[in-house]
Amino acid sequence: MTFPADLKYTKDHEWIRVEGDEAVIGITDFAQRELGDIVFVDINTIGDEVAQNDVFGTIEAVKTVSDLFMPVTATVLTINEQIDSSPELVNQDPYGAGWLVRVKLTDPADVDGLLSAADYEAQVAV
């Protein structure tokens with residue numbers, strides 16, 4: 001499993017890559033492995049401000065559906081259109097082509113409270 005050091009992580013297995021006042025969000029390599037084959041991603045919060053730790057969508061695998069939790073308070077700007085037709089991208093490249101949403105940060109300081117790569121790796125290694 002990989003844990004890119006340039007990302008921040010949540011205890012709920014989302015990652016965030018901050019790019020100025022915007023950020024890209026996805027699920028971690030650990031999460032996609034736990035879910036198994038991802039068959040559908042449902043995100044209908046485009047244009048909405050979603051509070052930190054609130055649900056911004058769901059991700060469906062062959063045997064389960066899981067909520068997606070917003071790592072920071074942010075407005076959803078766009079979703080990754082590629083995952084509509086190819087949800088398996090989340091399994092194949094969770095930190096790259098399998099990203100989920102791009103958001104505009106409400107308060108960039110929210111990121112400071114998230115887990116580092118080392119902290120997240122320690123959490124999932126238990």
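See the structure above.
Quick caveat: nothing in here was measured; it's all calculated off a predicted structure.

Asks: Can you help me understand the overall build of the chain in this one?
Replies: Assigned secondary structure in the chain consists of four helices and nine strands. The C-alpha radius of gyration of the chain comes to 13 Å, within 12% of the 14 Å expected for a compact globule of 126 residues. Its C-alpha atoms put the chain at 35 × 35 × 20 Å along the principal axes. For the chain, the residues scored as buried account for 43% of the 126 residues in total.

Asks: Sorry if this is basic, but what is going on with the pattern of salt bridges here?
Replies: Side chains that differ in sign of charge can pair as their charged atoms come close. Under the definition given, this model contains five salt bridges. The partner of E19 in a salt bridge is R102, and the shortest N-O contact between them spans 2.7 Å. One end of the pair, E19, is in strand 2 (residues 14-19); the other, R102, is in strand 9 (residues 101-105), with 83 residues separating them in the sequence. A relative accessible area of 24% places R102 in the partly exposed class.

Asks: Please explain the nonpolar core as it appears in this structure.
Replies: Most often, soluble globular proteins keep nonpolar side chains buried together rather than apart. Ranked by size, the top nonpolar core spans 28 residues in total, and within it I27, V41, F56, L100, V101 and V103 carry the most contacts. Ignoring anything within four residues of it in the chain, the contact list for I27 reads H13, E14, W15, Q32, L35, I38, I59, L68, V90, P94 and L100. Core analysis: the next-biggest nonpolar cluster, separate from the first, contains ten residues, L7, Y9, W15 and A117 among them.

Asks: It is not clear to me how the sheet that holds strand 6 (residues 55-61) should be interpreted in this structure. Could you clarify?
Replies: Within a sheet, each strand pairs with its neighbour through backbone hydrogen bonds, oriented either parallel or antiparallel. In spatial order, the strands read 4-6-7; together these three strands make up an open sheet with antiparallel pairing. Strands at the two margins of the open sheet, each flanked by one partner only, are strand 4 (38-42) and strand 7 (65-69). The sheet shows a mean angle of 25° between the axes of neighbouring strands, taken without regard to direction. Sheet analysis places strand 4 next to strand 6, joined by four bridges and oriented antiparallel. Looking at strand 6, one finds that F40 is bridged to E60.

About the thresholds
- Residues numbered from 1 in each chain as written.
- Predicted model: local features only at pLDDT ≥ 70, side-chain atom pairs only at ≥ 80, totals over all residues.
- Heavy atoms only, no water.
- Helix = DSSP H or I, 4+ residues; strand = E, 2+ residues; numbered from the N terminus.
- Rg over C-alpha atoms; globule rule 2.2 N^0.38 Å.
- Buried < 20%, exposed > 50% of the residue type's maximum accessible area, 1.4 Å probe, protein only.
- Salt bridge = Lys/Arg side-chain N within 4 Å of Asp/Glu carboxyl O.
- Core = buried A, V, L, I, M, F, W, Y, C linked by side-chain atoms within 4.5 Å.
- Contact = heavy atoms within 4.5 Å.
- Pairing = 2+ DSSP bridges.
- Axes fitted to C-alpha atoms, helices over the stretch in contact; angles between N-to-C directions.

No statement about biological role is implied by the geometric values presented.
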